[in-house]
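As a plain string of letters, each chain reads:
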Amino acid sequence: MEDETYDVYLAIYDLSHGMARSLSAQFLGPNHSIDIIPHSGVVVYNREYFFGGGIQMESPTQFRASRGIQPVQILHIGKTRVSQRQFEHWCATVAASDYSPTSYDLLHKNCNNFADFALRDGLRLNSGVPDWVLDVPQTFLSSPLGAMLRPMLQNMQMSAAPVNGGTLVGSTGNPTPSLARSVTAPASNNPWANIPTKQEEEVPKKNAAPKETKGTPLLDSYNRPLLSTNDAAIPLCINKLRQAVDQFPFDNEEKSELIKDSLEQLKLELVAGRPSGTTVSNSIFPFLSKGLSQNHENLPANSSSIFTFSCMLLRLVVLHPPQEDANLVVTSTSLVAKELVSGGKAFTSTAARSMAWCVLSNSFAHPEFLGSLIDDPDFTEQPPTMEQLADAAIA
């Protein structure tokens, strides 16, 4: 029937699982903080349509179950008279030319841009994706560290193949090659904007006037260690690690219960800024010693996330090392350092490596503590080369 209408919803997800709200202000600065790393899907005809590795559709239930994610917000956008057959034809023809599997662009052709295009053009509605969602990439990239951390946002893009769903433009099709421009932040906000590409360096222009180089006054103004002090994520980390206790290969149930109780105690002590050595040894240390000092066998699939949350807590412990059992903190930090510079399997995600580096950078807050770390024979037996340190920093 031509007069039949269909309800259209926009499902908004947070790909950071709450970490953006807790950490973005510290990493990006208060003027560039973001609440979520959004992914948007258009829900209509009991299907969810989204862009990730091409235009895809699944039932909303399958999409959320297969990714282990739930919407943080569902908006009713309106009603459409466009039929499912008409909309899917639009996806496979009009939209497919711009949103092919190879055309992803952080600023202009991401999952949220597709959802906005689908709502306004494909379903012919007057409203689309909220501006605060569409503006997240620009907010991120306009920060001093945005250009350096851009790969983290790109890797979080929802691109896994659907479960029992289907791409509207499949692998057998002939998607249009991407004509999108490469994404860079505005030069006024991006201190790396004038760095030439390798090709430009190899073929300098003849008789070209020397370019005026822009400095980095914001970064140059810091003359003290940059410390990671934000403690807003403490409750989140404690809850995640308590859930992880049952997944980790600990010896027995009694030890698992001790770790859970110690994690709750650690939460109180970190908020007060007075962690005790006993609490640390029974809460964070079991995860690090079990996962970083062995060959990573029998670890759960989400072990990288577990190490991320462990390091988020350890970075705060390092800022307030306990008076007793301080050697335990040195040992924990040494385990993190060895795993980081050796390129071990524990820190495979960007978030895990970032938190590991925060642990080490916070060590500079206490020179005497840092000296103990450097003198640790477990770490200095085979000290890392400068190449290893560089590779670990940009991996």
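Computed from a predicted model, the values in this text were never measured in an experiment. As a convention, each chain's residues are numbered from 1 in the sequence order in which they are written. The predicted nature of this model means local features are confined to residues of pLDDT at least 70 and side-chain atom pairs, given and counted, to a pLDDT of 80 or more, with totals for whole chains, interfaces and linings taken over all residues. Note that the side-chain values use all heavy atoms of the structure and ignore hydrogens as well as water.

**Remarks on the pairing of strand 2 (residues 38-44)**
Okay, so step 1: Counted residue by residue, strand 2 has 7 buried out of 7 residues, so it is predominantly covered.
Okay, so step 2: Only protein chains enter the accessibility calculation, which uses a 1.4 Å probe. A residue is then buried if its area is under 20% of the maximum for its type, exposed if over 50%, and partly exposed in between. Numbered from the N terminus, helices here are DSSP runs of H or I no shorter than four residues, and strands are runs of E no shorter than two. By the alternation rule, side chains of strand 2 split into Pro38, Ser40, Val42 and Val44 and His39, Gly41 and Val43, which are all buried.
Okay, so step 3: Looking at chain direction, strand 1 (residues 6-14) and strand 2 are connected through 6 bridges and run antiparallel. Counted as the bridge partner of Tyr13 is His39 from strand 2.
Okay, so step 4: The pairing of strand 2 with strand 3 (residues 47-51) spans 3 bridges and is classified as antiparallel. Its bridge partner lying in strand 3, Val43 is registered against Glu48.
Okay, so step 5: In this structure, the hairpin formed by strand 2 and strand 3 is closed by a connection of 2 residues, where Tyr45 is found at a positive phi of approximately 60°. When DSSP finds at least two bridges between two strands, those strands are taken to pair.

**Focus: the packing of helix 13 (residues 285-292) against helix 14 (residues 303-319)**
Okay, so step 1: Axis definition: a line fit to C-alpha positions, over the contact stretch in the case of helices; interaxial angles, taken between N-to-C directions, run 0 to 180 degrees. Their axes nearest at 10 Å, the elements helix 13 and helix 14 cross at an angle of 130°. Overall, the two elements helix 13 and helix 14 adopt an arrangement that is oblique. Seen along the crossing, helix 13 lies across helix 14 with a hand that is left-handed. Contacts from Phe287, Leu288, Gly291 and Leu292 of helix 13 reach helix 14 at Ile306, Phe307, Ser310 and Leu314.
Okay, so step 2: Within the contact of helix 13 with helix 14, the residues separate by chemical class into 6 nonpolar, 2 polar and no charged. Any angle between 65 and 115 degrees counts as roughly perpendicular, while under 35 counts as roughly parallel, over 145 as roughly antiparallel, and the rest as oblique. Helix crossings fall into two classes, left-handed where the near helix is turned counterclockwise from the far one by less than a right angle and right-handed where it is turned clockwise. Contacts are assigned to residue pairs that have any heavy atoms within 4.5 Å of one another. Under this grouping Gly is polar, as are all residues other than the nonpolar Ala, Val, Leu, Ile, Met, Phe, Trp, Tyr, Cys and Pro and the charged Asp, Glu, Lys and Arg.

**Examining helix 14**
Okay, so step 1: In this model, helix 14 (17 residues) spans 25 Å end to end at C-alpha, consistent with the 24 Å of a helix rising 1.5 Å per residue.
Okay, so step 2: Judged by how many residues are buried, helix 14 sits mostly within the fold: 16 of 17 residues are covered. What a helix should span is 1.5 Å times the count of its residues minus one.

**Structural notes on the pattern of salt bridges**
Okay, so step 1: For salt bridges, the criterion is a side-chain nitrogen of Lys or Arg within 4 Å of an Asp or Glu carboxyl oxygen. With the rule as written, the count across this model stands at 9 salt bridges.
Okay, so step 2: Between Glu48 and Arg64 there is a salt bridge whose closest N-O contact spans 3.4 Å. With Glu48 in strand 3 and Arg64 in helix 2 (residues 60-67), this pair connects stretches of sequence that are 16 residues apart.
Okay, so step 3: What makes Glu48 buried here is its relative accessible area of 0%.
Okay, so step 4: Overall, the relative accessible area of 15% leaves Arg64 in the buried class.
Okay, so step 5: Through salt bridges with shared partners, one network takes in Arg242, Glu264 and Lys267.

**Here's the deal with the confidence of the model for the protein chain**
Okay, so step 1: Values of pLDDT, which run from 0 to 100, indicate the predictor's confidence residue by residue. Chain-level statistics for the protein chain give a pLDDT mean of 74 and a share of 69% at 70 or above.
Okay, so step 2: Predicted confidence for residues 159-165 stays below pLDDT 50, and this span has 16 contacts to residues more than four positions away or in other chains.
Okay, so step 3: Under a pLDDT of 50 for its full length, residues 169-206 has, in the predicted model, 39 contacts with residues more than four places off or in other chains.

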